[in-house]
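Survey of secondary and tertiary structure
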Amino acid sequence: MDKKIVFSGIQPSGSPTLGNYVGALRNWNLLQDEKRYCYYCIVNLHAMTVRQDPGELYKRSVETAALLLACGIDPELSTLFIQSQVKEHAELSWVLSCFTYMGELNRMTQFKDKSAKHSDNINAGLYTYPVLMASDILLYGTNLVPVGSDQKQHVELARDIAIRFNKLYGETFAVPEPYIPKVGGRVMSLQEPDKKMSKSDNNPNSYIAVMDEPDVIIKKFKRAVTDSENVIAYSPEKPGVSNLLSIYCTFTGKTMEEAVAGFEGKGYGHLKKAAAEAVIAELSPIQSEYKRILGDMAYLDDIIEKGARKARERALVTLNDVYKKTGLRS
Ligand code: AMP
Ligand code: TRP
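Everything numeric in this text was worked out from a predicted model, so none of it was measured.

1. So, the environment of Ala311
- Inspection of the secondary structure puts Ala311 in helix H13 (residues 297-326).
- Exposure remark for Ala311: the relative accessible area of 0% places this residue in the buried category.
- With residues up to four places along the chain from it excluded, the contact list for Ala311 reads Tyr39, Thr79, Phe81, Val86 and Tyr140.

This is how it looks when you write it as C-alpha cells:
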C-alpha cells in the first residue's frame, strides 16, 4: 500500500456547489478511505483576496468544516483545519514568493478571470494567491492534491516551485501531483454550460448548492439549458446535455456509454429528472448530517482546534527545514 500524503483546500466563501462536491469533496472522502494521510484545509486567507464580510467569514469557515465532516471526512483519519490558525502558511508563502517569477504568475488564468470579475479590487493578494496555495501544499510533504481541473495550473506551479527550491537547497519538498476526477473535473453552469459552475454566480439557477432542498434541485435541473435537438448524446457541440450526462454518471457510477445507451430514444426531461434524483439521493444524507453537526458547536470547535494543533506540528518541521537551508535561522 502506498502511503501518499494528500492535501487540499476549499474557500469558505459562499455555499459550496455541486462543482465543489464533484471536483473536490467527493474525492477527498474517497482518498481518505484508501488510507492515505490527508490534510484538508479551509483556506480563509485565500478567501480574503475578494472582500468578505468580517462577521460572516469565521462563521462560514466553521460551517465549511461541518460540511466536510458531513461529507465523510473523519477527523481521526484526516487533519481538518482552518488555514489562518497555522501561521506557517503565511510565513512559507513569503519565502516561496522569492522563488516565484512574475512571469509565472502573469500566466495564471484564474488571476486573469478574477481580475476581470473584480476590476475594482485587483489586489496583490489576488496576484500572489498561487504562491500561498503552493505553501499550503508544500508544507505537508504532499504527494497528491485532489482538485477540480480549474486548479491544475496552480498545482503545476507548486510543482515547479518545489523542484526549483530542491535544486538550489537540496531535497526539501515532495513534488505534488494534481488528482482530478476523470468525469466531473469541471462541472458546468446549468444556465451557461460553457462556463464552470460557480458559487459566486449571480444567477442561483446556474448552480446546485450542496445544501439545496430536493424540490429546489429538481426545479434547477428542469430549467437547465440544453439544445433543440432532443437527442441525448455526449459531444462538445452539446455542452448542456453533456454536462447533465456527466453529472448523471458521477452520481450513478455508470460509464458514459452505459448512460447514453440507457437514455436512447428518451427526451431531455427524462435525463434531467434522472440526474436530479441521483444527486438528491447522495446529497440528502449529507444535508441531515450537516444540520446535526452544526447543532453541536462544542464538538466542532474541538475538532477545529485539534486539527490546527496537528497541522502546526507538521508544518513547523518543514518551515524549520526551509529556514535552516536558506540561512533564516541557525
Ligand atoms: P473553491 O470553491 O474555489 O475553493 O474550490 C474548491 C474546490 O472545488 C477546488 O478543488 C476546485 O477545483 C473545485 N471546483 C470548484 N468549482 C468546480 C466546478 N465547477 N467543477 C469541478 N470542480 C470545481
Ligand atoms: N485555490 C483553491 C480553489 O480556489 C483552494 C486552495 C487553496 C487549494 N489552497 C489549496 C486547493 C491547496 C488545493 C491545495 O479552489
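Continuing now.
2. Remarks on the site of ligand 2
- Around ligand 2 sit 13 residues, and of these Gln11, Tyr129, Met133, Asp136 and Gln151 come closest.
- In this structure, Gln11 approaches ligand 2 through a side-chain N or O atom, which is 3.0 Å from an oxygen atom.
- At 2.7 Å from a nitrogen atom of ligand 2 is found a side-chain nitrogen or oxygen belonging to Asp136.
- Out of a free accessible area of 360 Å², ligand 2 has 91% covered by protein chains.
- In a pocket analysis with a 2 Å cut-off to the grid points, ligand 2 is assigned to the largest pocket.
- Within the residue set of the shell around ligand 2, elements represented by two or more residues are strand S1 (5-10) and helix H7 (124-138).
- By residue class, the composition of the shell around ligand 2 is seven nonpolar, five polar and one charged.

3. Considering the site of ligand 1
- If you check the shell around ligand 1, you find 17 residues, and the closest are Gln11, Gly148, Asp150, Val187 and Lys199.
- One nitrogen or oxygen atom from the side chain of Asp150 is found 2.4 Å from an oxygen atom belonging to ligand 1.
- Protein chains shield 92% of the accessible area of ligand 1, which is 480 Å² for the free molecule.
- Per-element tally for the shell around ligand 1: the top contributor is helix H1 (residues 18-33), with four residues.
- Its residues assigned to classes, the shell around ligand 1 comprises five nonpolar, eight polar and four charged.

4. Here's the deal with the domain arrangement of the protein
- What the domain assignment reports for the protein is domain 1 (4-184 + 297-326) and domain 2 (204-291).
- When each unit is reduced to the centre of its C-alpha atoms, the spacing between domain 1 and domain 2 is 29 Å.
- Across the boundary between the two partners, domain 1 contributes 14 residues, which contact 16 residues of domain 2.
- For the pair domain 1 and domain 2, the summed buried surface comes to about 1,300 Å²; carbon and sulfur atoms form 72% of the total.
- Taken as a group, Leu18, Tyr21 and Ala70 account for 40% of the area that domain 1 buries against domain 2, more than any other trio of residues on that side.
- In this structure, the connection of domain 1 to domain 2 is made through one salt bridge.
- The salt bridge partner of Arg26 is Glu282, with a shortest N-O separation of 2.9 Å.
- Seen at the junction of domain 1 and domain 2, the total is five residue pairs in polar contact (both at pLDDT 80 or more).
- If you list the elements that add at least two residues to the side of domain 1 that touches domain 2, you get H1 and helix H3 (54-70).
- Class assignment for the residues of the side of domain 1 that touches domain 2 results in nine nonpolar, three polar and two charged.

5. Let's talk about the environment of Ile42
- Within the secondary structure, Ile42 is located in strand S2 (residues 37-42).
- What Ile42 contacts, discounting residues up to four positions off in sequence, is Ile10, Pro12, Ser61, Thr64, Ala65, Leu68, Leu80, Phe81, Ile82 and Gln83.

6. Quick word on the packing of H3 against H13
- Direction vectors running N to C along H3 and H13 enclose 90°, while the axes themselves pass 11 Å from each other. Of the possible angle classes, the one that applies to H3 and H13 is roughly perpendicular. Touching Tyr58, Val62, Ala65, Ala66 and Leu69 of H3 are Met297, Tyr299, Leu300, Ile303 and Ile304, all from H13.
- Classifying every residue of the contact of H3 with H13 gives 10 nonpolar, no polar and no charged.

Calculation rules
Residues numbered from 1 in each chain as written. Chains lettered and ligands numbered in written order. Predicted model: local features only at pLDDT ≥ 70, side-chain atom pairs only at ≥ 80, totals over all residues. Heavy atoms only, no water. Helix = DSSP H or I, 4+ residues; strand = E, 2+ residues; numbered from the N terminus. Buried < 20%, exposed > 50% of the residue type's maximum accessible area, 1.4 Å probe, protein only. Contact = heavy atoms within 4.5 Å. Near = heavy atom within 4 Å. Polar contact = N/O pair within 3.5 Å; in protein donor to acceptor, adjacent residues only side chain to side chain. Areas by Shrake-Rupley, 256 points an atom, 1.4 Å probe, with all protein chains shown as cover. 1 Å grid on protein atoms, 1.4 Å probe; cavity = no way out; pocket = protein on both sides within 12 Å on 5 of 7 lines; lining within 4 Å. Sits in = over half its atoms within 2 Å of the grid points. Nonpolar A, V, L, I, M, F, W, Y, C, P; charged D, E, K, R; others polar. Domains from an automatic or database assignment. Buried area = accessible area lost by both parts, 1.4 Å probe. Salt bridge = Lys/Arg side-chain N within 4 Å of Asp/Glu carboxyl O. Axes fitted to C-alpha atoms, helices over the stretch in contact; angles between N-to-C directions. Parallel < 35°, antiparallel > 145°, perpendicular 65-115°, else oblique.

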